[in-house]
Amino acid sequence: MPPPCKRCAATRLINLDTAQRIGVVSGGLVGGAIGALRATAATQTLSLATARFPLAKLPAALIGAVTGGRSGVRITTSLFLQWLPPGSGTPWLCLACGHSFRQSHPPLAAAH
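Residues numbered from 1 in each chain as written. Predicted model: local features only at pLDDT ≥ 70, side-chain atom pairs only at ≥ 80, totals over all residues. Heavy atoms only, no water.

1. Side note on the sheet that holds strand β1 (residues 13-15)
For step 1, the next point in the chain: Sheet architecture is open: three strands sit in the order β1-β2-β3, paired in antiparallel fashion. The open sheet has two free edges, formed respectively by β1 and β3 (100-103), since each of these has just one partner strand. Averaged over all neighbouring strand pairs, the angle between strand axes comes to 35°, with direction disregarded.
For step 2, the next point in the chain: Contacting β1, β2 (90-94) and β3, helix α1 (residues 16-40) runs over the sheet at an angle of about 60° to β1. (Pairing = 2+ DSSP bridges. Helix = DSSP H or I, 4+ residues; strand = E, 2+ residues; numbered from the N terminus. Axes fitted to C-alpha atoms, helices over the stretch in contact; angles between N-to-C directions. Contact = heavy atoms within 4.5 Å.)

Okay, here's the thing in structure tokens:
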């Protein structure tokens, strides 16, 4: 359960670690799709006769997808580095006021 926001006491928070993982994967997928599309885009309009994907463009599509995926991951990672607050603990982002902070973990009790 998320802690309340330290600025506005709202309880609508998102864990930035989880959001970063989802964002990096999504950035890789979207970047890969964009890269594959750019690598295989036709310069002329497609007719019904040429609407199928030509297998000769498959290597270019794969290279474009890998390159675009790497770019998407790099961009997403750099954006999250700007949002993450400094320090240790779990990073949280308040969805009400936009304040980001870290909640430190309590020390573990010694086992008896």
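2. Quick notes on the state of the cysteines
Any covalent bond linking the sulfur atoms of two cysteines counts as a disulfide.
For step 1, the next point in the chain: Within the structure shown, the criterion is met by zero disulfides.
For step 2, the next point in the chain: The thiol sulfur of cysteine 94 is not disulfide-bonded, and the nearest other cysteine sulfur, from cysteine 8, lies at 3.7 Å. (Disulfide = S-S within 2.5 Å.)

3. Looking at α1
For step 1, the next point in the chain: A rise of 1.5 Å per residue sets the reference length of α1, with its 25 residues, at 36 Å; its end C-alpha atoms lie 35 Å apart and thus fit the reference within 8%.
For step 2, the next point in the chain: For α1, every residue scored as buried is listed here: Leu16, Ala19, Gln20, Gly23, Gly27, Gly28, Gly31, Gly32, Gly35, Ala36 and Thr40.
For step 3, the next point in the chain: Those residues of α1 hidden inside the fold are in contact with β1, α2 (58-83), β2 and β3.
For step 4, the next point in the chain: N-cap assignment for α1: the residue whose side-chain oxygen lies 2.8 Å from the backbone N of aspartate 17 is asparagine 15. (Expected span 1.5 Å × (residues − 1). Buried < 20%, exposed > 50% of the residue type's maximum accessible area, 1.4 Å probe, protein only. Polar contact = N/O pair within 3.5 Å; in protein donor to acceptor, adjacent residues only side chain to side chain.)

Remember, this is a structural readout, not a statement about activity or role.
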